[in-house]
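The lines below spell out each chain.
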There are 2 protein chains.
Amino acid sequence: MNIAEMLRTNGYKVTPQRLAVYEAINHNTTHPNAESIYKQLQPNYPSMSLATVYKTMEIFAKIGVVRVLQCGEDSHRYDYKTASHAHIRCVKCNQVFDVNIEQEPLIREAERQTGFSIDDMNLSFIGVCKDCQEKE
Amino acid sequence: MNIAEMLRTNGYKVTPQRLAVYEAINHNTTHPNAESIYKQLQPNYPSMSLATVYKTMEIFAKIGVVRVLQCGEDSHRYDYKTASHAHIRCVKCNQVFDVNIEQEPLIREAERQTGFSIDDMNLSFIGVCKDCQEKE
DNA sequence: GTGCGTGCAAAACCTTTGCACATCG
DNA sequence: CGATGTGCAAAGGTTTTGCACGCAC
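Rules behind the numbers
- Residues numbered from 1 in each chain as written.
- Chains lettered and ligands numbered in written order.
- Predicted model: local features only at pLDDT ≥ 70, side-chain atom pairs only at ≥ 80, totals over all residues.
- Heavy atoms only, no water.
- Axes fitted to C-alpha atoms, helices over the stretch in contact; angles between N-to-C directions.
- Helix = DSSP H or I, 4+ residues; strand = E, 2+ residues; numbered from the N terminus.
- Parallel < 35°, antiparallel > 145°, perpendicular 65-115°, else oblique.
- Contact = heavy atoms within 4.5 Å.
- Nonpolar A, V, L, I, M, F, W, Y, C, P; charged D, E, K, R; others polar.
- Domains from an automatic or database assignment.
- Buried area = accessible area lost by both parts, 1.4 Å probe.
- Salt bridge = Lys/Arg side-chain N within 4 Å of Asp/Glu carboxyl O.
- Polar contact = N/O pair within 3.5 Å; in protein donor to acceptor, adjacent residues only side chain to side chain.
- Pairing = 2+ DSSP bridges.

A few words on the packing of helix H2 (residues 16–25) of chain A against helix H3 (residues 34–41) of chain A. All names here are of chain A. For the pair H2 and H3, interaxial distance at closest approach is 10 Å and the crossing angle is 110°. What the angle tells us is that H2 and H3 run roughly perpendicular. Here Ala20, Val21, Ala24 and Ile25 of H2 lie close against H3, whose contacting residues are Ile37, Gln40 and Leu41. Partitioning the contact of H2 with H3 into residue classes produces 6 nonpolar, 1 polar and no charged.

Here you go:
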């Protein structure tokens, strides 16, 4: 199902802005925040507002098109990969990368310990990436 | 080493405000944010300002007296347990609890995959606690 | 007495909201 | 044409900062 169908199926209208935001994040591995998506779209969509990026992201998150990440920063980042997975951020260059760590066993263990019914989890690491280590 | 020595050793002055904030968080298992520490101190320290709570927490985090948590909310929470450990938050009652999950193996695996030198990690779960499940 | 700490208010930052206008269906 | 979406500006929530005064040392 493409993004237009995805929106329509969920009762949302298909607009140029929504398609543009989708293009900006789809297969975008940089884990951008709202501001950088906004800046990325500025040249081709000068009328696009930051508020529209936020509103669109809220919808995309709701219908499962993006995932919202907290990587120890003030702003949220967005990931087109919607399956929950770990992230790692470099404190020097601020890039965020994926990490493959199985999350199911962690969720089961947390549920066992606490009796919670778990909806979601967030696993992120912070450190210095290889490139930045070499630059020192 | 008590908090007064801890402050002096690190070149900070010992003030009634800092001691009061320390009392408020030491062995406080509720993982409070700045606002709730401020409110907790209000009755006994009416002149204490929220800015002082923030400034004090910044120092405490720097000298290893508290740990800053991000549990998927807008505000930061503070934990007197400074050894990195996992947390779980209930979306209904907003309480945060500790979870015992070994983090060293996760850090080693993330370092192996990415070549990062890891300084810190954050593992948090979100769901519905046992009490809130039963209330439904 | 000197320099650091406090409290206030203002600013900064990210995100959300209200509203008039535009546009999708 | 009606309901939903957009863009702007303003407001909201959290955290930081500038500055005059006060207190630790």
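As a further point, take the domain arrangement of chain A. Residue and element names in this part refer to chain A. Taken domain by domain, chain A consists of domain 1 (3–79) and domain 2 (86–135). Each of domain 1 and domain 2 was reduced to a C-alpha centroid, and the two centroids are 23 Å apart. Listed per partner, the contact involves 10 residues of domain 1 and 11 residues of domain 2. When domain 1 packs against domain 2, the two sides together hide about 790 Å² of surface, and 39% of this comes from carbon and sulfur. Considering only the surface of domain 1 that becomes buried against domain 2, His31, Arg67 and Cys71 emerge as the three largest contributors, covering 49% of it. For the pair domain 1 and domain 2, the number of links is 1 salt bridge. Put simply, the parts of the chain that give the side of domain 1 that touches domain 2 at least two residues each are strand E1 (67–69) and strand E2 (77–79). Across the side of domain 1 that touches domain 2, the residue classes break down as 2 nonpolar, 4 polar and 4 charged.

Our focus in this paragraph is the interface of chain A and chain B. One widely used convention gives an interface's size as the accessible area the parts lose upon coming together. Across the boundary between the two partners, chain A contributes 36 residues, which contact 36 residues of chain B. Summing both sides of the interface, chain A and chain B together bury roughly 2700 Å²; the carbon and sulfur share of this comes to 61%. Our count for the chain A to chain B interface comes out at 0 salt bridges. There are 16 residue pairs in polar contact (both at pLDDT 80 or more) connecting chain A and chain B. Going through the elements one at a time, strand E3 (86–90), strand E4 (96–99), helix H5 (104–114), strand E5 (117–128) and helix H6 (130–134) of chain A are the ones with two or more residues in the side of chain A that touches chain B. For the side of chain A that touches chain B, the leading source of residues is E5 of chain A, giving 12 residues. Note: E5 of chain A against strand E5 (residues 117–128) of chain B, 11 bridges, orientation antiparallel. Pairing of Ser124 of chain A across the sheet is with Asn122 of chain B, part of E5 of chain B.

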